Every structure is written in structure tokens, then in C-alpha cells.
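Examination of the molecular architecture
Spelled out, the chains give:
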Amino acid sequence: MSDSVGGGESGGGAGQDSEADNEPPQQPPPLLPGGAGEISEEGASPSAKRLRMSEEGVGQDQVVEPGQRHEETPTQPSSLQGMPAQTAEGDLLQCEEGGHSGKEVVVIGEEEEYHQNGEEGPKPEEEHNGDGSAESPGDGQQLSLDFTQNPQMLTGSWTEYSNLPENYLKGCKWAPDGSCILTNSADNVLRVYNIPPEIYSYNWDLLPEMSPVLRMAEGDTIYDYCWYPKMNSLEPDTCFLASSSRDNPVHVWDAFYGEVRASFRPYNHLDELTAAHSLCFSPDGAQLYCGFDKMVRVFHTERPGRDCEERPTIVKKQGQSGIISCFGFSPCQSVYACGSYSRCAGLYSCQDGTLLALLPTRHHGGLTHLLFSPDGNYLYTGGRKDPEILCWDLREPGRVVFSLKRNVATNQRIYFDLDQSGRYLLSGDTEGVVSVWDTHTAPPDGNEELLQPQLRFQAYWDCTNGVSIHPFMPLLATSSGQRQFPWPGDSEGDSASDTEGSGAVMSQQDTRQDNVLTLWWAGPLSPAAEGSQDQSTTAAEA
């Protein structure tokens, strides 16, 4: 399978799956039959003015003219209108057959043209409110997670990562609108996967292996990547993501075509291009925060180039030292948190970057990931080669409410994630186990007790480095793999026995690789699926 290369300043360019060029884009199921549980769109204009990202001809304003890219359009991230709703019994309503699933949407000016099998057809009927807008997908329709039993493995992607040796994954992240998944792997390629449409109708026996609809190749090791927080696949102008790689500027990628839209160029005090170690958009998407050694640089999303605001984390030898390795934004206050490889976290003002509080150094390794709780009262932090995730009470900075134990024996990022309610926290570990903690069971007074997991299941034999919870469906995405080192063997020699022995060691090591992206169902099962519940549990534990 060959990839076409798009424009990219890093030399890696943007890859596109040639086999998916003429494949009809996956669209969500049609609207549910009338009455309760029917979901329709809201405030989703067919097209919006593209963000102005022009820097030396890169990412100029683009308008799709009639016929342009129609034959070459890859499978697009699917929109989420018509998502299945939950019945009173907690089961998922099945979507009626037909509808506009599988139709291609081509943006032309301010209108959308629908095509199916290359022929024009009428637009699908849409339910609208009295003001002409449709309800946003998922509002009030969130399905609850169910961790009273092991999640059921649905499908995944493994062949994609077997073409190159040791092409292990480095994490996965759901798009903000839940339409697709983004992965990072050791071959320095970002991949976008659509949700298989069979998931919506419980046709899980028919689920094929997932294949990426987009590939975006960076020129060197990818340090960090993140979605634009206002991403909505109904508005192509909002469908983009940012990535940072070694010796390259920060690239903004178009999530529909896999091309570089724009670049942000951070320079150090020697006027040399320097790579960001961490990235995060502000909650409104207006700014892009980039982490460096004892420095945070803030770019305006609509103004690519080198102009940025510099915010040192150490002023007059006071503050947070080390490389800023991760970011998090409070959902209710104008505050952001920075984690650094100096094993501490700091709280800063979004307005001017003033240091508000520096949390005590409690971790044993440099911080690699942090998350705010939905109410903004707590901050969860985790580090490399550190067995604990700490929960900090930000109303009393410096106070640890409880800790969560996991096995982390590697320097790579081991992500964890919170559901939308902030109740369940999930994390993998280097043994391939995914642990689920119910944070609501923690004692209210909190004496830094060790909170025991509610559920633990074996997702892989190898390191589970990525866990991401779908924004409003009971779906989990996990990724696995890590750098493998040769097993201890005989010293290198010229004898035949030594050569055969080392060959045996390498072949034995090759069988240990487990580089997979997997989707799991962690919600109520349909009656048809309950019969195979035991088999799914066995598969999840395998």
C-alpha cells in the first residue's frame, strides 16, 4: 500500500491512504424513528469560513470548488448526528436501515451536495427545532459506562503496525466530537480511524479490522499531538490537529485531507528553531500552548508563524524548572497546569502566565500526563517510572486526596483518562492491564489513602500506553506496545552456535510484540449480545 505525499515543511509530508481515495466516507446511522430518543443536529452549519492560517503560502484559505477533490476525497471523519439513544431499560436503540449512511458530503460554498455511488441524490431529511437549528449530537443522550463486568472487545487495528519492526503505538485520542480516533506510533505517522458503523447497530459479529482513513507523516520523532477542542466533523474548517516533532516546527494538519494547513515556528534565544515537547490548545481553541525547557510559548491559532508570547516558568531563580512535558486546562477557571520532568506541577494564570501555585514534588519521575476533574477542584498527575497517580485538591494546593497504584516501569507516556462525569479514571500499565477506579468511593476527608481499583482486566500482554474514553458513548480505545530490547543472550562470537543462539533470541523476541489499537464496549449489552457475554469476557482477558 502506497501513500501519496502532501506538502510538509518537515520533509515527512502528509500521507493519504491510496486505497481509501475512492471509498465512500463513513457517515453515522440515520435519525432514529420518531418519538423519545430521536436525536438531530443543532447549530451545525454545512460549512463555515475556514480559519485564516496563512504563513508564506502555507495553509491559505481554501474553498472546495465544484468537483474539486471529489474523486480523491478520503474517508472523512464521520459526523455524529443521529447517534443511538438509550432506552429506559438502558439498552441501545437500533438504527433503522437505509438513510444517508455511506453518502459523501462535498462542501460547495455554503451548501452541501450529497452523492451516493457517484450519483446525486436528495438531501436527507433532518429534524430541526423551531428556530431552524437542530439539536447537537449527544446532548442529554450520553450512555453510562458500566464497569460491573469486563469491557467487551469489539475490533481493532493490528496489521497496520506489523509492516515495520517494533512499530509500537504511543497513545490514542478520541476526537472531541467522537467521530474518529487519532493514534501515534513509532514510525512517526499520525493515523485517523473512523468508528465502524456496525458498532451503532450491535452488529459486532460483522466488525472488520479497522484501517486508517488518513496517514500524516512527520519527519522525526513525534513529541506530542492534540486535537483542536472545537473540532466538529460537520464543520470541516474545525477539523484539524497539531503535532510537534524533533527538529521541526509545530504542524497543523487538516483532518479531512491529511495535509499541512499551517506551521508555528518557535525559536530559542539563539534564534534557532526549537521543537516543542508538549502541546495543548486552550479550551476555546484560540491559543496553542507549547512547552519547552523552563518556558511556555503561546501562539494564536489564527496567526501562524513565529510570533508568540513567551512565558518563562522560572523568574528570578524561583518557579518550575525542567522541560514542560504536559498541559491541562481547568474547565471552570482561567487556570492551566504544567507538568515538568523536574517531577512537579505548577498552576498558572491563563491571562499572563503568572505562577499561582507550585505543587510539592511528590512523584518519583518526571510528569508525563495530567488531567483536571470536570468540576475543576482536583488535578490528577502521573509520571514516568512512577507507580502512582496522585489526586490533588486544588482548593488546598499541596494536599493529596488519594493515590492510585499502577505499574509503570518505562519512560514512555502512560496515558490515563477521566469520563465526562469525572467518576471513572482509567489507566493502563506496563503489564498490559487496564485499571478502573471509581473516584466517588474515595473518603471525603481524604487521608492520602490508596484507592483500590473497581475493575482490572488484561487488555494486552504488552504495555498498555494509551486509554481514551469516548465523549458520550460507552466506548474505550486502548493502544499497546513499547520499545523492545534484545533478551540477554550469549556474547557475540563467530561460532555457529553463537550465531544460532542469537538468532533464536531475536525470533523469540519478535513473537512478544503486541502493537494494537483496540476498541472496547463498556456499556449495557443488547439482548442479542448478552448471549455471547461470556465469550467476550474471555476474549478481553486473553
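The coordinates are above.
This report concerns the structure included in the present document.

Rules of the game
Residues numbered from 1 in each chain as written. Predicted model: local features only at pLDDT ≥ 70, side-chain atom pairs only at ≥ 80, totals over all residues. Heavy atoms only, no water. Helix = DSSP H or I, 4+ residues; strand = E, 2+ residues; numbered from the N terminus. Contact = heavy atoms within 4.5 Å. Buried < 20%, exposed > 50% of the residue type's maximum accessible area, 1.4 Å probe, protein only. Polar contact = N/O pair within 3.5 Å; in protein donor to acceptor, adjacent residues only side chain to side chain. Core = buried A, V, L, I, M, F, W, Y, C linked by side-chain atoms within 4.5 Å. Salt bridge = Lys/Arg side-chain N within 4 Å of Asp/Glu carboxyl O. Pairing = 2+ DSSP bridges. Axes fitted to C-alpha atoms, helices over the stretch in contact; angles between N-to-C directions. Phe/Tyr/Trp six-rings, centres within 6.5 Å; stacked < 30°, edge-to-face > 60°. Lys NZ or Arg CZ within 6 Å of the ring centre and 35° of its normal.

Attention shifts here to the overall build of the protein chain. Within the protein chain one finds three helices and 36 strands. A fraction of 60% describes how many contacts in the protein chain between residues 6 or more apart in sequence connect residues 24 or more apart.

What follows deals with the side chain of Gln320. Of note, Gln320 is situated in the loop between β20 (318-319) and β21 (324-329). Judged by relative accessible area, Gln320 falls into the buried class, the value being 0%. Here the side chain of Gln320 touches Cys338 through a polar contact of 3.0 Å, landing on its backbone oxygen. Excluding residues within four positions of it along the chain, Gln320 makes contact with Lys294, Thr313, Ile314, Cys338, Gly339, Ser340, Cys344, Ala345, Gly346, Tyr348 and Leu358.

A word on the environment of Thr430. Tracing the backbone through its elements, the reader meets Thr430 in the loop between β30 (424-427) and β31 (433-438). Owing to a relative accessible area of 9%, Thr430 belongs among the buried residues under this scheme. Not counting the four nearest positions on each side in its chain, Thr430 is found in contact with Asn407, Val408, Ala409, Thr410, Asp462, Cys463 and Gln482.

For the rest of this paragraph, the subject is unusual backbone geometry. A positive phi angle, close to 65°, is found at Asn188, a residue other than glycine. Tracing the backbone shows Asn188 in the loop between β8 (180-185) and β9 (189-194). One non-glycine residue, Lys294, lies in the positive phi region at around 55°. Among the secondary structure elements, Lys294 is positioned in the loop between β16 (287-292) and β17 (295-300).

A word on the nonpolar core. Counting 22 residues, the largest nonpolar core has Leu154, Ile199, Trp204, Leu475, Leu519 and Trp521 as the members making the most contacts within it. Mapped by element, the contributors of at least two residues to this core are β7 (169-174), β35 (475-480) and β36 (517-521).

Let's shift gears to the pattern of salt bridges. As enumerated under the stated definition, the model contains 13 salt bridges in all. The closest approach of N and O atoms between Arg191 and Glu160, which form a salt bridge, is 2.6 Å. Taken together, the positions of Arg191 in strand β9 and Glu160 in the loop between β6 (152-157) and β7 put the pair 31 residues apart, joining distant regions of the chain. Exposure remark for Arg191: the relative accessible area of 4% places this residue in the buried category. Among the ionic pairs, Arg215 bridges to Glu160, the shortest N-O distance being 2.7 Å. Here Arg215, found in strand β10 (residues 214-217), pairs with Glu160, found in the loop between β6 and β7; they are 55 residues apart in sequence, far enough to count as distant. Sharing partners across several salt bridges, the network here consists of Glu160, Asp187, Arg191 and Arg215.

Attention now goes to the sheet that holds strand β13 (residues 250-254). Strands sit in the order β11-β12-β13-β14 across an open sheet of four strands; the sheet is antiparallel. The sheet is open, and its two borders are formed by β11 (222-227) and β14 (260-264), each paired with just one other strand. Ignoring which end each strand starts from, the neighbouring axes of this sheet average 20° apart. In this structure, β11 lies alongside strand β12 (residues 240-245), joined through five bridges in antiparallel fashion.

What follows is about the pairing of strand β23 (residues 345-349). Taking burial as the measure, the five residues of β23 include five buried ones, the bulk of the element. Of the two faces of β23, the one carrying Ala345, Leu347 and Ser349 and the one carrying Gly346 and Tyr348 are both buried. Two strands pair when backbone bridges link them, and strand β22 (residues 335-340) and β23 are joined in this way by five bridges, in the antiparallel orientation. In the strand pairing of β23, Tyr336 is matched with Tyr348. Count of turn residues in the β22/β23 antiparallel hairpin: four residues, of which Arg343 carries a positive phi of about 75°. Bridge analysis of β23 against strand β24 (residues 355-358) gives three bridges, and the strand direction is antiparallel. Across the sheet, residue Leu347 finds its bridge partner in β24, namely Ala357. In this antiparallel pair of consecutive strands, β23 and β24, the connection spans five residues, and Gly353 shows a positive phi of 80°.

Below, the discussion takes up the environment of Cys332. Within the element layout of this structure, Cys332 appears in the loop between β21 and β22. Overall, Cys332 belongs to the partly exposed group, its relative accessible area being 48%. Contact partners of Cys332, with chain neighbours within four places excluded, come to Asp375 and Gly376.

Adjacent strands of a sheet pair through backbone hydrogen bonds, lying either parallel or antiparallel. Read across the open sheet, the four strands follow the order β29-β30-β31-β33; overall the sheet is antiparallel. Two strands in the sheet have a free side with no partner beyond their single neighbour: β29 (416-418) and β33 (455-458). Adjacent strand axes in the sheet meet at a mean angle of 15°, parallel and antiparallel pairs treated alike. Two elements, β31 and β33, share four bridges in a ladder whose sense is antiparallel. The residue of β33 that forms the bridge with Val436 is Leu455.

This paragraph deals with the pairing of β16. Across the six residues that make up β16, a large majority, six, are buried. Side-chain alternation along β16 places Gln287, Tyr289 and Gly291 on one buried face and Leu288, Cys290 and Phe292 on a second face that is also buried. Bridge count for strand β15 (residues 278-281) against β16 is four bridges, and the pairing is antiparallel. Among the inter-strand pairings, Leu279 is bridged to a residue of β16, identified as Cys290. Counting the residues in the hairpin turn of β15 and β16 gives five residues, including Gly285, whose phi is positive at 75°. The pairing of β16 with β17 spans six bridges and is classified as antiparallel.

Its place among the elements puts Glu310 in strand β18 (residues 309-312). Through-space distance from the C-alpha of Glu310 to that of Phe299 is 9.2 Å; in sequence the pair is eleven residues apart. Contact partners of Glu310, with chain neighbours within four places excluded, come to Tyr267, Met295, Val296 and Arg297. At 3.3 Å, the side chain of Glu310 forms a polar contact with the side chain of Arg297.

Turning our attention to the packing of aromatic side chains. Tallied over the full model, the rule gives 13 aromatic pairs. Aromatic pair Tyr289 and Phe327: ring centres 6.2 Å apart, planes at 65°, arrangement edge-to-face. With a gap of 38 residues between them, Tyr289 in strand β16 and Phe327 in strand β21 connect regions that are remote in the sequence. Exposure remark for Tyr289: the relative accessible area of 1% places this residue in the buried category. Following the ring pairs from residue to residue traces out a cluster consisting of Tyr289, Phe327, Phe329, Tyr336 and Tyr348. Against the face of Tyr225 rests Lys173, its NZ or CZ located 4.3 Å from the ring centre. Note that Arg306 overlies the ring of Tyr267, its terminal NZ or CZ placed 4.0 Å from the centroid.

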